[in-house]
Each structure stands twice: as structure tokens, then as C-alpha cells.
Amino acid sequence: MTKSKHQAVGVDIGGTGVKAALVDVKTGELLSDRVKLPTPEGGEPDAIRDAVVELVGRLEAPSGTPIGVTFPAIVRHGRTMSAANVSKAWIGLEAERLFEQALGRDIHFVNDADAAGFAEDHYGAAKDASGLVIMTTLGTGIGGALIYEGVLIPNAELGHLEIDGYDAESRASNRAREREELSWEAWAERLQRYYTHLEFLFSPDLFVVGGGVSKSSELFLPLLRIDTPIVPAKLRNNAGIIGAAALARGV
Ligand code: BGC
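In this text, all values refer to a predicted model and were calculated from it rather than measured experimentally.

Caption draft 1: Seen up close, helix 2 (residues 95-103). Where helix 2 is concerned, the buried positions are A95, L98, F99, E100 and L103. Where helix 2 is buried, its residues touch strand 1 (7-13), helix 1 (45-59), strand 5 (67-71), strand 7 (79-80) and strand 8 (108-111). Trailing helix 2 by a residue or two, G104 shows a phi angle of about 75°, which is positive.

Structure below.
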């Protein structure tokens, strides 16, 4: 295999930013700088599409390089079926086709937390784990991924569990922490409730916690009292990019 056979582009669309890089899917390392644009105001399909095209263009990847794209919503058969932190115009949209037409080639299209979970399971914090791994991303929303013995079970919308009458991400996401200016201790109380509930429902073997805030994990993970091991993501904010690329290459 030539070196380029291990390369793929990963694009990670989030509620706050759109990021992309060229990835070595053998090692899970970035081969280029990470390029980034803010998620366009309102999160409308055409504006996000244009941001993706611009970022992919900036990477100047060799032609024919596979492209994986993540999206912060339920993704079924190429359609986006929900829209918690982007425009409602995405609901039911043939989003995979929208990006393919704009980029002029096929893409692999996947939920953002699923891509991040796949990457952590394959190259990162859950590389040596067995049994059930639950990845949660604490960001604008809460993303969830279930990976059992290396197999991804897609579209686990764990951020939308109803807990104490609230949509979980509205209280326990990193955005909720920032919006309400919660102390780490106050936020950890909400996370305690959230992870205890997940633990009760799924009996996982490992929790991996991602999202940008995972770089400060020492400020809140040690405050949690749960039986399941809980570790910060290793690939940090690049997990979505790396997972998208790996899935596009069929790793
Ligand atoms: C969405 C999920 C997404 C998560 C993280 C949630 O609001 O419903 O699909 O994975 O945010 O972006």
C-alpha cells in the first residue's frame, strides 16, 4: 500500500465550529494543520455547505482522497433527521447529497459523536477497552456513542435523555455550564446525575468524555463518584475529524 492509501480528509461540523484536516488513518494522526471556520450564524444548510467546501479546498488533498463529514444530528441513510443546535431546515434533508453535489464527489456522512467515539475506540482513550464503551461529548450539546467490542451502534442520542424533567444536554452540556456560569463543583453535580443515570441504564465498562472542555477534565472528572471508570478523551477536539476520516477509508 502506498502512503496515500492511508489518507483521508475528516470534516467535523459542530454547533460552534466547522473543522477539517487530512488524517493518516493508520495511526490516527493529523497530516495537515487543522483548518477551522465558525459555524455560520443560524446553521442554515447552504451556509454550512459553503463552509465545508471552503475548508476542504484549503486542505488541497490529493484528488480521490476519501472524505468523511460529521454532523451534530441523527444521520439516517444520508438524511439529517434532527437539528438540536442547527437550523430546523436540516430535519429530513438529504444532507449527504447536498455535500456530495457541492464537493463533486462521494463522502461518508456520520453523526459527530459517533465519529468521535469510533476514533477514541480505535486510536484513543478506549483503544484497549473491551465490552461496552460509552463516549459522551460535552459541548454545545451532549453527543453520545455506544461502541460494543469495536462495533459502533449508531445514533445513540444520549444527550436527549430526559432527566428530572429536563432534556439532559440543556442542564449538563458545556454550553449550559458557560451560560449559567456554573462553578466546576456545581456542574459536576449535574454530571454526577447524568452519568449515574447512564450507568444505571447501560452498565458500561468505560466512559470516555470528550468535547473541548475535556482538556480541563482534571477540574471536574475527579469530583464524580461512579463505579464505572471514566476517562478524558485522548484525541480531544480532533476526535470527530479523525473518526470521520477513518470511517470514510473503511478502517
Ligand atoms: C444532537 C446530537 C449530537 C450532539 C453533539 C445533540 O444535540 O442531537 O446528534 O451528536 O448534540 O453535537
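Still more to cover.
Caption draft 2: Molecular detail of the packing of helix 1 against helix 2. Between helix 1 and helix 2, the shortest axis-to-axis distance is 10 Å and the interhelical angle comes to 45°. Taken together, the axes of helix 1 and helix 2 lie oblique to each other. Like other packed secondary-structure pairs, helix 1 and helix 2 cross with a definite hand, here right-handed. Only L98, F99, A102 and L103 of helix 2 make contact with helix 1, whose side of the interface consists of P45, D46, I48, R49, V52, V53 and V56. Of the residues that constitute the contact of helix 1 with helix 2, the class distribution is 9 nonpolar, no polar and 2 charged.

Caption draft 3: Broad picture of the site of the ligand. Close contacts around the ligand come from 13 residues, with N111, D112, E157, H160 and E169 the closest. E157 has a polar side-chain atom sitting 2.6 Å from an oxygen atom of the ligand. For the ligand, an oxygen atom lies 2.8 Å from a polar atom in the side chain of E169. Within the complex, 93% of the 310 Å² of free accessible area of the ligand lies under protein.

Caption draft 4: The arrangement of the nonpolar core in detail. Counting 29 residues, the largest nonpolar core has V11, I13, V52, W90 and F99 as the members making the most contacts within it. Of all the elements in the fold, those that place two or more residues in this core are strand 1, strand 2 (17-24), strand 4 (35-38), helix 1, strand 5 and helix 2. L132, I134, Y194 and I226 belong to the second largest nonpolar core, which has 26 residues in total.

Caption draft 5: Structural view of the sheet that holds strand 9 (residues 132-138). Pairing in this open sheet of 5 strands is mixed, and the strands run 11-10-9-14-15 from one edge to the other. The open sheet has two edge strands, strand 11 (151-153) and strand 15 (230-232), and neither has a second partner. Averaged over all pairs of adjacent strands, the angle between strand axes in this sheet comes to 25°, irrespective of strand direction. Looking at chain direction, strand 9 and strand 10 (residues 142-148) are connected through 7 bridges and run antiparallel. Note on strand 10: the bridge partner recorded for V133 is I147. Of the strands in this sheet, strand 9, strand 10, strand 11 and strand 14 (206-210) are in contact with helix 3 (residues 112-123), which crosses strand 10 at around 45°. Of the strands in this sheet, strand 9, strand 10, strand 14 and strand 15 are in contact with helix 6 (residues 184-202), which crosses strand 9 at around 150°.

Caption draft 6: Structural view of the environment of I242. Within the secondary structure layout, I242 lies in helix 7 (residues 239-249). Among the residues examined, I242 registers a relative accessible area of 3% and is labelled buried. Residues contacting I242, with those up to four places away along its chain left out, are V23, G28, L30, A119, Y123 and L235.

Caption draft 7: How the structure looks around the side chain of Q7. With respect to the element layout, Q7 can be found in strand 1. Note on Q7: relative accessible area 11%, which makes it buried. In contact with Q7, not counting residues within four places along its chain, are L22, V23, L31, P62, T65, P66 and R249.

Caption draft 8: Molecular detail of the environment of S87. Within the secondary structure, S87 sits in the loop between strand 7 and helix 2. Residue S87 is classed as buried on the basis of its relative accessible area of 9%. Sequence separation between S87 and G42 is 45 residues; the distance between their C-alpha atoms is 5.9 Å. If near-sequence neighbours (up to four positions away) are discounted, S87 is found in contact with G42, G43, E44 and P45. Separated by 3.1 Å, the side chains of S87 and E44 make a polar contact.

Caption draft 9: Just the pattern of salt bridges, in detail. Within the structure shown, the criterion is met by 10 salt bridges. Of the charged contacts in the structure, one is a salt bridge between E94 and R79, with a shortest N-O distance of 3.8 Å. Here the residue E94 occupies a position in the loop between strand 7 and helix 2, and R79 occupies one in strand 7, the gap between them amounting to 15 residues. Measuring nitrogen to oxygen at the nearest pair gives 2.9 Å for the salt bridge that ties D164 to R193. Highlighted residues: D164 in the loop between strand 12 (162-163) and strand 13 (166-167) and R193 in helix 6, separated in sequence by 29 residues. Via salt bridges that share partners, D46, R49 and D50 belong to a single interconnected network.

Parameters and conventions
- Counting starts from 1 at the beginning of each chain's written sequence and moves along it residue by residue.
- At least 70 in pLDDT is required for a residue's local features to be given in this predicted model, at least 80 for side-chain atom pairs to be given and counted, and no such filter applies to totals for whole chains, interfaces and linings, which use all residues.
- Just so you know, side-chain values use all the structure's heavy atoms and leave hydrogens and water out.
- Buried residues are those whose accessible area, probed at 1.4 Å on protein chains only, stays under 20% of the maximum for their type, while exposed residues exceed 50% and partly exposed ones sit between those limits.
- Here a strand is any run of E in DSSP of at least two residues, a helix any run of H or I of at least four, and the numbering for each starts at the N terminus.
- Contacts between residues were defined by any pair of non-hydrogen atoms, one from each residue, lying within 4.5 Å.
- In this analysis, axes come from line fits to C-alpha atoms, helices being fitted only over the stretch in contact, and the angle between any two N-to-C directions falls in the range 0 to 180 degrees.
- Oblique is the label for any angle not under 35 degrees, not over 145, and not in the 65 to 115 range, which are roughly parallel, roughly antiparallel and roughly perpendicular in turn.
- Crossing handedness is defined as follows: a turn of the near helix away from the far one that is anticlockwise and smaller than a right angle gives a left-handed crossing, while the clockwise case is right-handed.
- Think of it as three bins: nonpolar holds Ala, Val, Leu, Ile, Met, Phe, Trp, Tyr, Cys and Pro, charged holds Asp, Glu, Lys and Arg, and polar takes everything else, Gly as well.
- To be near a molecule or strand, a residue needs just one of its heavy atoms within 4 Å of it.
- Pairing of N or O atoms within 3.5 Å defines a polar contact, subject to two protein rules: one partner must be a possible hydrogen donor and the other a possible acceptor, and residues neighboring in sequence count only if both atoms are side-chain atoms.
- All accessible areas in this document rest on Shrake-Rupley with a 1.4 Å probe, and a residue is counted as covered only by the protein chains that are shown.
- The definition of a nonpolar core used throughout is a set of buried Ala, Val, Leu, Ile, Met, Phe, Trp, Tyr and Cys residues joined through side-chain atoms within 4.5 Å.
- Two strands make a pair as long as DSSP finds a minimum of two bridges between them.
- A pair is scored as a salt bridge if a Lys or Arg side-chain nitrogen falls within 4 Å of a carboxyl oxygen belonging to Asp or Glu.

Fair warning: the whole summary comes from geometry, so function is off the table for now.
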